[in-house]
2 protein chains.
Amino acid sequence: MLNITRRQFLSYVGAAGGSSALLKTSLALGMMPEDSYSGPVTIKPADPGNKPTALILGAGIAGLATALELEKAGYHVTMLEASFRAGGRNLTVRNGDKIDEMGNPQICQFDKQDNLFFNCGPARIPGHHRRILHYCKALNVPLQVKANSSKLAYFHDEKSLGGKPKRIIEYHTDVRGLMSELLWKSADANQFDQLLSEEDVAKLMKFSQAYGDLTENGKYIGSGRAGSTTDRMLEHPTPHAPIELKAMLDSSFWYGGLLGAEVYDWCEPLMEPIGGMDSVVKAFLRNLQTKPVLNAQVKKIFNSDQGVEVTYEQGGKLHSVKADYCFNNIPAYFMAGIENNFSATYQAGLNSIKRGHLFKIAYQMKERFWENDGIYGGISYTSEPVSQLWYPSHDIHAQKGIMLGAYVWNPKFTTMFENMSPEERLKAGAISGEKIHPGYSKYIENGISIPWARMNHQMGCGMRMSAEDFETYYHMLQKPEGRHFMIGDQISHHSGWQEGALASSEQALEQLNKLLGAKIIQGGAAHVS
Amino acid sequence: MLNITRRQFLSYVGAAGGSSALLKTSLALGMMPEDSYSGPVTIKPADPGNKPTALILGAGIAGLATALELEKAGYHVTMLEASFRAGGRNLTVRNGDKIDEMGNPQICQFDKQDNLFFNCGPARIPGHHRRILHYCKALNVPLQVKANSSKLAYFHDEKSLGGKPKRIIEYHTDVRGLMSELLWKSADANQFDQLLSEEDVAKLMKFSQAYGDLTENGKYIGSGRAGSTTDRMLEHPTPHAPIELKAMLDSSFWYGGLLGAEVYDWCEPLMEPIGGMDSVVKAFLRNLQTKPVLNAQVKKIFNSDQGVEVTYEQGGKLHSVKADYCFNNIPAYFMAGIENNFSATYQAGLNSIKRGHLFKIAYQMKERFWENDGIYGGISYTSEPVSQLWYPSHDIHAQKGIMLGAYVWNPKFTTMFENMSPEERLKAGAISGEKIHPGYSKYIENGISIPWARMNHQMGCGMRMSAEDFETYYHMLQKPEGRHFMIGDQISHHSGWQEGALASSEQALEQLNKLLGAKIIQGGAAHVS
């Protein structure tokens, strides 16, 4: 749009002190990393006069996406879902919704308000999860930034720093300061003279100073980067007293590299669909011609040269359905209980996938007390069984809010919570919360909990294979057996994420394309090795 | 709400492996830092039969807040504003709005859409700016999270790493890795045996490993924390090749401690009013009985024992207005040109406040190309004159977006941009943008620029005092001279932030309370020392 002449360009480069030679090199280099994602797999279009049929088992994210892509290619799709609802672990509950826990069904008691919801499963999307972002964009799921990290939230460990919660920003700043001080000392003592020139050692000392906010003599004495103990709007700031090096080393927070902020899937900014993660499910359903057959529990899968036949139970009766292809999203550890004629190796592969355990509590809080403490989203980390507290970052300054009062994957604690009644869990979570936020319990109006390993039709989440089983079976399971394709995050390298589920669907459809490319007559048998 | 018995409490503490003794200690400690902010100053209520009068000069944030608090206390307020609009540097432009630059008036050409706006002044609010957050809550200004930092955005320096833009997450991860490796080496070489026990040195090595994601032998070889060069959804991740230690030391990014992420005012999560920062101004105006008198330029301020008399020009005519108190929000460097009878010391104090320079460009982009690159908000940093590129984090996946194409405070570059025509600035900014995002120019539909030091009625922003002048004058200027109070971010320790402006208002009103507490008859003379 802007008409930049070469002369203007060069005179500007000159004014900016840049080198046009350097610049030309840079422009010629093609500096940006290649973007490897170019949208979903395009399936070879079906013959409209002889539509192939596909069966999708399980209306989770992988099943929904597979169905959508197959319909786009002209397939006739049937989707069977064991639960009373579609979405799988993409589950958002609001007032009146059911958490279908085995033996402990719970009804959500939140007030009937749009902003009071609980994402029981996936709750955040990073900018590099291109597949889920593609579907959010293509299917018009409105997104907003979700604060996954708040530097004003807390670290808390009963056994560290006297059991006092510590603002993440203070701990983070002190750790940088203390380690920079050590580095400065080492550089000053010529520790690196074998490795670096004198000039570079001097740079290293300058680096340490900048990185850790050290004094001119290389001392860390606290830093304004973590704020001030006095009113910095009116007076010179006074940094907090830093923790001792020994106390830092004795603390637990640095295990895992200062936790959340460094995990690639949690790299800021994260996003969430406005109004709840199940907007993704609703968007798929809106765009599918096929609605899932609900309450349909698969009992038998029979693979043949002509296609796949599935028997399912619905309303106490058995039904049978045949299709040219079957995409199976059922948790693999259920397959041992479903009659099938798969090869022994394929069965062994399915059996190698193990259930994961994850537990969450959500509380309706009558006041957003965390906002009065400067916390507008993010996560506090604690050694308490609840492990994490999440503060909502949407609907800022509303009266009430839904807080995640527990996010637990430590097996010791998931087992403890799984063995409790829903009522006991809420009480236990409240006791934990009190240690980070005194007075926590008095804000709780009601709550609901979800132990994923006790959920009907799921019985787990975040599936795992042993390293050995992975070597033996993982790539086999990525390929179809006959016309039966396994899908779901379980068939990805990234279980527990919608992006993994979509990647599994993508690679299954690539396999389908291969099958079709093998030029075997549609409707006939094929095996891709 | 939850009825937790002592027995349940203790049994839970047992199950969690905690110590009840420790717990009791923690609860008794009152672990949370004191919250020192308890809302605005309550001014001594006025006698309704004999309302005191107040004059506010300048309808910027400090003026608006002062007016609101005075009205709440029953004062009769008159507000004079030199510009055609209220808000001061809180300025959001949309289609058709004017940027009132001296000699270069510009009209915003953005499409007429709610999501296409440009916050020319303040644009973000951290969770610890309690004063501005108080007003947002009290005056119903809806907020959303603003991604101020994106790890997928870029660092770019012509002179570092071959001039190639580098994803922030890669650079950040490599720096942690490389410095942790050095620390590990030093610990391994007993560099710290005077300082730490053998056990603590072992912990330090473990710490280095966790912090930098080192191998078991203390080597940094790249890290999955910065993603993978292969599809990590389907295969084992392959970390990027780390930069060399020497290249890291030669690079410029670590000056200032890896820039933005460590500045306390930019600590995540930041927030922004939905639809533009000027929602704050609109909210004040909605809640004020007094509307500002616009286009009213102050010519004379006369302080007397009975009050303050101000002469202003409007529509070519001079007007005079008297009040019991005057709160003066006019940039102090204009005061030398306004006739007054202040003491020589007070005048010298006002003269000690110097103009700051800041420059911004905003472009309307016909596509949100950054989202295709995984960037959903945050800032890229560059050695180019434009200094920073900001990506909007609101209205994700919309067709178009307003990008900040320059955010400049380096005097070398602000001067350069100030001396250009608006058209030249847009072209120069486009050339810079190309170096970070090849193809950048072709997305630009139109743009607008703001050099704050050339704005009518402002002529600067982010005022500064020398350290010496600060010692001499700052605390004097926080106190009234007679019944004349200086306000504005210029009379705070934190100029350039709305929070500083509000702090100045707060302390002026505290001074007013002192004056009133001196039990001098209202309407009579007073001097607070």
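Note that the coordinates shown come from a computational prediction; the quantities given were computed from them, not determined experimentally.

A look at the domain arrangement of chain A
All names here are of chain A. Domain boundaries assigned for chain A yield domain 1 (53-81 + 292-354 + 464-528), domain 2 (92-153 + 357-454) and domain 3 (166-251). Placing the centre of domain 2 and that of domain 3 at their C-alpha centroids yields a distance of 35 Å. Across the contact, eight residues belong to domain 2 and five residues belong to domain 3. In total, about 510 Å² of surface goes out of reach between domain 2 and domain 3, with carbon and sulfur atoms giving 54% of it. The three residues of domain 2 that bury the most area against domain 3 are K151, L152 and A153, which together make up 73% of that side's buried surface. At the junction of domain 2 with domain 3, the criterion picks out one salt bridge.

Points about the relation of the copies chain A and chain B
The two copies are related by a screw operation: chain A maps onto chain B through 180 degrees of rotation and 0.0 Å of translation along the axis, at an RMSD of 0.0 Å. Such a combination of rotation and displacement between the chain copies is what one expects of a two-fold axis. Comparing interface residues between copies, 100% of those in chain A also lie at the interface in chain B; the contact surface is shared.

Section: the packing of helix α4 (residues 130-138) of chain A against helix α14 (residues 498-517) of chain A
Residue and element names in this part refer to chain A. Remark: α4 packs on α14, axes separated minimally by 8 Å, with the N-to-C direction vectors making an angle of 90 degrees. The angle between α4 and α14 places the two elements in the roughly perpendicular class. On the side of α4, the interface is formed by R130, R131, I132 and Y135, while α14 contributes Q498, E499, L502, A503 and E506. When its residues are assigned to classes, the contact of α4 with α14 shows four nonpolar, one polar and four charged.

Observations regarding the interface of chain A and chain B
Listed per partner, the contact involves 140 residues of chain A and 140 residues of chain B. Buried surface at the junction of chain A and chain B, both sides included, amounts to about 11,900 Å², of which 66% is carbon and sulfur. Inspection of the region where chain A meets chain B yields 12 salt bridges. Across the chain A-chain B interface, the total number found is 25 residue pairs in polar contact (both at pLDDT 80 or more). Looking at the side of chain A that touches chain B residue by residue, the class counts come to 70 nonpolar, 37 polar and 33 charged.

Here's the deal with the sheet that holds strand β14 (residues 317-323) of chain B
All names here are of chain B. One open sheet holds the four strands; their spatial order is β14-β13-β12-β16, and the pairing between them is mixed. Strands with a single pairing partner mark the edges of an open sheet, and in this sheet they are β14 and β16 (339-340). Here strand β13 (residues 307-314) pairs with β14 via seven bridges, running antiparallel. Bridge assignment links E313 to a residue of β14, and that residue is L318.

Describing the nonpolar core
In terms of nonpolar packing, the biggest core is built from 158 residues, with F118(A), F207(A), M248(A), F118(B), F207(B) and M248(B) touching the most fellow members. F118(A) has contacts with L91(A), T92(A), V93(A), I99(A), F110(A), K360(A), I361(A), A362(A), I402(A), L404(A), I448(A) and I450(A), leaving out every residue within four places of it along the chain. Of all hydrophobic cores here, the second largest spans 96 residues; its members include A46(A), M277(A), A65(B) and A147(B).

Brief notes about the packing of helix α3 (residues 61-72) of chain A against helix α8 (residues 279-287) of chain A
Residues and elements named next belong to chain A. Interhelical geometry of α3 versus α8 gives an angle of 25 degrees and a closest axis separation of 10 Å. Judged by the angle between their axes, α3 and α8 are roughly parallel. Note that α3 runs across α8; the crossing there is left-handed. Residues I61, L64, A65, L68 and E71 of α3 form the contact with α8, whose own contacting residues are V280, V281, F284, L285 and N287.

With respect to helix α6 (residues 198-212) of chain B
Taking 1.5 Å per residue as the helical rise, α6(B) with its 15 residues ought to reach 21 Å, and the 21 Å between its terminal C-alpha atoms agrees with that figure. Within the sequence span of α6(B), burial applies to D200(B), V201(B), L204(B), M205(B), F207(B), S208(B), A210(B), Y211(B) and G212(B). At its buried positions, α6(B) is contacted by α5 (168-188), α6 (198-212) and α7 (245-250) of chain A together with α5 (168-188) of chain B. Of the residues trailing α6(B), D213(B) is marked for its positive phi of about 60 degrees.

Description of the confidence of the model for chain A
All names here are of chain A. The predicted model of chain A has a mean per-residue pLDDT of 89, with 90% of residues at 70 or higher. Contacts from residues 5-35, a stretch scored under 50 in pLDDT, to residues over four places away or in other chains number 54 contacts. With pLDDT under 50 throughout, residues 519-529 is counted as low confidence; its partners more than four residues away or in other chains account for 24 contacts. Per the prediction output, this complex has pTM 0.90; the corresponding ipTM is 0.90.

Overview of unusual backbone geometry
All names here are of chain A. For the bond from E268 to P269, the omega torsion is -5 degrees, close enough to zero to count as cis. Locating P269 in the fold gives a position in the loop between α7 and β11 (270-273). At N140, a residue that is not glycine, the phi angle is positive and equals roughly 60 degrees. Position of N140 relative to the elements: it lies in the loop between α4 and β8 (143-146). The exposure class of N140 is exposed, given its relative accessible area of 62%. Residues other than glycine seldom take positive phi values, yet S387 does so here, at roughly 65 degrees. Within the secondary structure layout, S387 lies in the loop between β18 (379-382) and β19 (388-390).

Here we look at the packing of aromatic side chains
By the definition in use, this model includes 38 aromatic pairs over all chains. Here the aromatic rings of F369(B) and Y440(B) are separated by 6.0 Å at their centres, their planes lie at 80 degrees, and the arrangement is edge-to-face. Of this pair, F369(B) sits in helix α10 (residues 369-372) while Y440(B) sits in the loop between α12 (422-436) and β21 (444-451), placing them 71 residues apart in sequence. In this arrangement the basic side chain of R176(A) is found over the ring face of Y211(A), its NZ or CZ atom lying 3.8 Å from the centre. Over the face of the ring belonging to Y407(B) we find R124(B), whose NZ or CZ atom lies 5.8 Å from the ring centre.

Considering the pattern of salt bridges
All names here are of chain A. Applying the stated rule across the entire model yields 52 salt bridges over all chains. A salt bridge links K246 to D250; its shortest N-O distance comes to 3.7 Å. You can see K246 and its partner D250 sitting in helix α7, four residues apart, about one turn around the helix. Of the residues examined, K246 reaches a relative accessible area of 42% and is grouped as partly exposed.

Notes on the sheet that holds strand β22 (residues 484-486) of chain A
Residue and element names in this part refer to chain A. Strand order in this open sheet of four strands is β2-β1-β15-β22, and the pairing throughout is parallel. One side of each edge strand has no neighbouring strand; the edge strands of this open sheet are β2 (76-80) and β22. Geometrically, the sheet is characterised by an average inter-axis angle of 20 degrees between neighbouring strands, direction not taken into account. For strand β1 (residues 53-57) and β2, the ladder comprises five bridges, and the chain directions are parallel. Residue pairing in the sheet places I56 in a bridge with M79 of β2. The strands touched by α3 within the sheet are β1, β2 and β15 (325-328), with β2 carrying the most contacts at an inclination of about 165 degrees. α14 contacts β15 and β22 of the sheet and is inclined by roughly 160 degrees relative to β15.

Cut-off values and rules
Numbers given for residues are sequential positions, taken from 1 along each chain in its written order. Written order determines the labels here, with chains lettered from A and ligands numbered from 1. Totals for whole chains, interfaces and linings use every residue, but because this is a predicted model, local features are given only for residues with pLDDT of at least 70 and side-chain atom pairs only at 80 or more, for both listing and counting. Excluded from the side-chain calculation are hydrogens and water; included are all heavy atoms of the structure. Here the bounds of each domain stem from an automatic or database domain assignment. In this analysis, two residues are considered to be in contact whenever any of their non-hydrogen atoms come within 4.5 Å of each other. Defined in terms of a 1.4 Å probe, buried area is the accessible area two parts forfeit on being brought together, summed over both. Counted as salt bridges are all cases of a side-chain nitrogen of Lys or Arg within 4 Å of a carboxyl oxygen of Asp or Glu. Alignment of copies: least-squares fit on C-alpha atoms of residues with pLDDT of at least 70 in both copies. Note on geometry: axes are lines fitted to C-alpha atoms, helical ones only across the stretch in contact, with angles between N-to-C directions running from 0 to 180 degrees. Working definition: helices are DSSP H or I runs of at least four residues, strands are E runs of at least two. Numbering for both runs from the N terminus. The scheme is simple: roughly parallel for angles under 35 degrees, roughly antiparallel for over 145, roughly perpendicular for 65 to 115, oblique for anything else. Lys, Arg, Asp and Glu make up the charged group, whereas Ala, Val, Leu, Ile, Met, Phe, Trp, Tyr, Cys and Pro make up the nonpolar group; the residues left over, Gly among them, are polar. The definition of a polar contact used here is a pair of N or O atoms within 3.5 Å, where within protein one atom must be able to donate a hydrogen and the other to accept one, and adjacent residues in sequence count solely through side-chain atom pairs. We call two strands paired when DSSP finds no fewer than two bridges between them. What is meant by a nonpolar core is a set of buried Ala, Val, Leu, Ile, Met, Phe, Trp, Tyr and Cys residues, joined one to another through side-chain atoms within 4.5 Å. Each residue is assigned to one of three classes by its accessible area relative to the maximum for its type, calculated with a 1.4 Å probe on protein chains only: buried under 20%, partly exposed between the two thresholds, exposed over 50%. For any pair of crossing helices, the crossing counts as left-handed if the nearer helix is rotated counterclockwise from the farther one by less than a right angle, and right-handed if it is rotated clockwise. Each residue after the first adds 1.5 Å to the expected span of a helix. On a range of 0 to 100, pLDDT expresses the predictor's confidence in each residue. Note on aromatic pairs: the rings of Phe, Tyr and Trp (six-membered ring only in Trp) are paired at centre separations within 6.5 Å, and the planes decide the class, stacked below 30 degrees, edge-to-face beyond 60, tilted for the rest. Lysine NZ or arginine CZ positioned within 6 Å of the ring centre and within 35 degrees of the ring normal marks a charge as sitting over the ring.

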